[in-house]
Amino acid sequence: DASGAATRLKNLQMQGTKIERGVDVGVMTTLKRLESGVTYRDINYGRDGSRTVRRGSNVGAEMTVRCKSLATPSEPEGAKYYSTKVDNGANEISWTLGSGDFPRGLEEGMMGMKLNAVRRIEVPSQQIFAARN
C-alpha cells in the first residue's frame, strides 16, 4: 500500500508483536475533520484497553510525509519527501506530544490513538510551513 501501513503491520507481526485489528486494514473509517483543518481516518483502532495518546505522551511512529499538491501518476497520493523507512535508521521516530518538535496539526491528529493503531492524518500545508518559522 502507498502509505506503508499494511507493510508496517506485517513487519510488526513478523517480529512477534500481537496485532489486534479494530477494523479490516482494507476498510477505512469515515473521514474526521478537526477545527484546525486537520483530517484523519482510522485504519486500525489499536489494542482495546491500552493507553490513549494525549498531550505529554511519549510516542513512536512510522510515517511517510507527502506533498499532496505534487501528486504524480507514480505517486497519486502526493510526492514523498520524508519516510522513516528510508530517512531514519531506526525505522521510526519518537517524541513527546506537545513538546513543539512536530507540527501541532500532526500531534492533534494523533490524539486519542491506542497502541498499534494506524491512522492516516492529513495536515494542511499552511500548518506545516508555519511550523518551520
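First, a word on scope: everything that follows refers to the structure included in this document. (Residues numbered from 1 in each chain as written. Predicted model: local features only at pLDDT ≥ 70, side-chain atom pairs only at ≥ 80, totals over all residues. Heavy atoms only, no water.)

### Comments concerning the overall build of the chain
Formally: The way it works is that DSSP assigns letters per residue, a run of H or I at least four long becomes a helix, a run of E at least two long becomes a strand, and they are numbered from the N terminus. The rule is simple: take the accessible area with a 1.4 Å probe, protein chains only, and divide by the maximum for that residue type; under 20% is buried, over 50% is exposed, in between is partly exposed. Residue contacts are counted whenever heavy atoms from the two residues lie within 4.5 Å of one another. Reported accessibility uses the Shrake-Rupley method at a 1.4 Å probe radius. Residues are deemed covered only where the shown protein chains occlude them.
Within the chain one finds four helices and seven strands. Taken over 133 residues, the chain has a buried fraction of 30%. Put simply, 54% of the contacts in the chain that link residues at least 6 apart link residues at least 24 apart. Summed over its atoms, the accessible surface of the chain is roughly 8,500 Å², and 50% of this surface lies on carbon and sulfur atoms.

### Here's the deal with the nonpolar core
What counts, and what does not: Residue types Ala, Val, Leu, Ile, Met, Phe, Trp, Tyr and Cys, when buried and joined through side-chain atoms within 4.5 Å, form a set referred to as a nonpolar core.
Listed in full, the 11 residues of the largest apolar core are Val53, Val59, Ala61, Met63, Ile93, Trp95, Leu97, Leu106, Met110, Met113 and Ala117. Elements represented by at least two residues in this core include exactly strand S3 (58-61), strand S6 (93-96) and helix H3 (104-110).

### Examining the side chain of Arg119
Along the chain, Arg119 turns up in strand S7 (residues 118-122). In this structure, Arg119 is in contact with Tyr40, Arg41, Asp42, Ile43, Gly109, Met110, Met111, Gly112 and Met113, ignoring residues within four places of it in sequence.

### Focus on unusual backbone geometry
Look at Asn116: it is not a glycine, yet its phi comes out positive at around 70°. For Asn116, the position within the fold is in the loop between H3 and S7. With a relative accessible area of 15%, Asn116 lands in the buried category.

### Brief notes about the packing of aromatic side chains
Convention followed: Note on aromatic pairs: the rings of Phe, Tyr and Trp (six-membered ring only in Trp) are paired at centre separations within 6.5 Å, and the planes decide the class, stacked below 30 degrees, edge-to-face beyond 60, tilted for the rest. For a Lys NZ or an Arg CZ to count as sitting over a ring, it must be within 6 Å of the ring centre and within 35 degrees of the ring normal.
Scanning the model with the defined rule gives one aromatic pair in all. For Arg119, the ring lying beneath its charged end belongs to Tyr40, and the centroid distance is 4.0 Å.

### Let's talk about the pattern of salt bridges
Heads up, the condition is: We define a salt bridge as a side-chain nitrogen of Lys or Arg found within 4 Å of a carboxyl oxygen belonging to Asp or Glu.
This model, assessed by the stated rule, comprises seven salt bridges. Taking the shortest distance from any N to any O, the salt bridge between Arg119 and Asp42 comes out at 2.7 Å. Of this pair, Arg119 sits in strand S7 while Asp42 sits in strand S2 (residues 39-44); the two residues are 77 residues apart in sequence, bridging distant segments of the chain. Assigned by exposure class, Arg119 and Asp42 land together as buried. The network of salt bridges with shared partners includes Lys68, Glu77, Arg120 and Glu122.

### Focus on the environment of Ser125
By secondary structure assignment, the location of Ser125 is in helix H4 (residues 125-131). Since its relative accessible area comes to 42%, Ser125 is described here as partly exposed. Once the C-alpha coordinates of Ser125 and Cys67 are considered, the two residues, 58 residues apart in sequence, prove to be 8.1 Å apart.

### Topic: the sheet that holds S7
To be explicit about the condition: At least two DSSP bridges between two strands are needed for those strands to be called paired.
Within the open sheet, the three strands sit side by side as S1-S2-S7. Their pairing is antiparallel. The two strands at the open ends of the sheet, each matched to only one other strand, are strand S1 (32-33) and S7. Sheet topology places S2 next to S7; five bridges connect them, and they run antiparallel. Within S7, the residue paired with Tyr40 across the bridge is Ile121.

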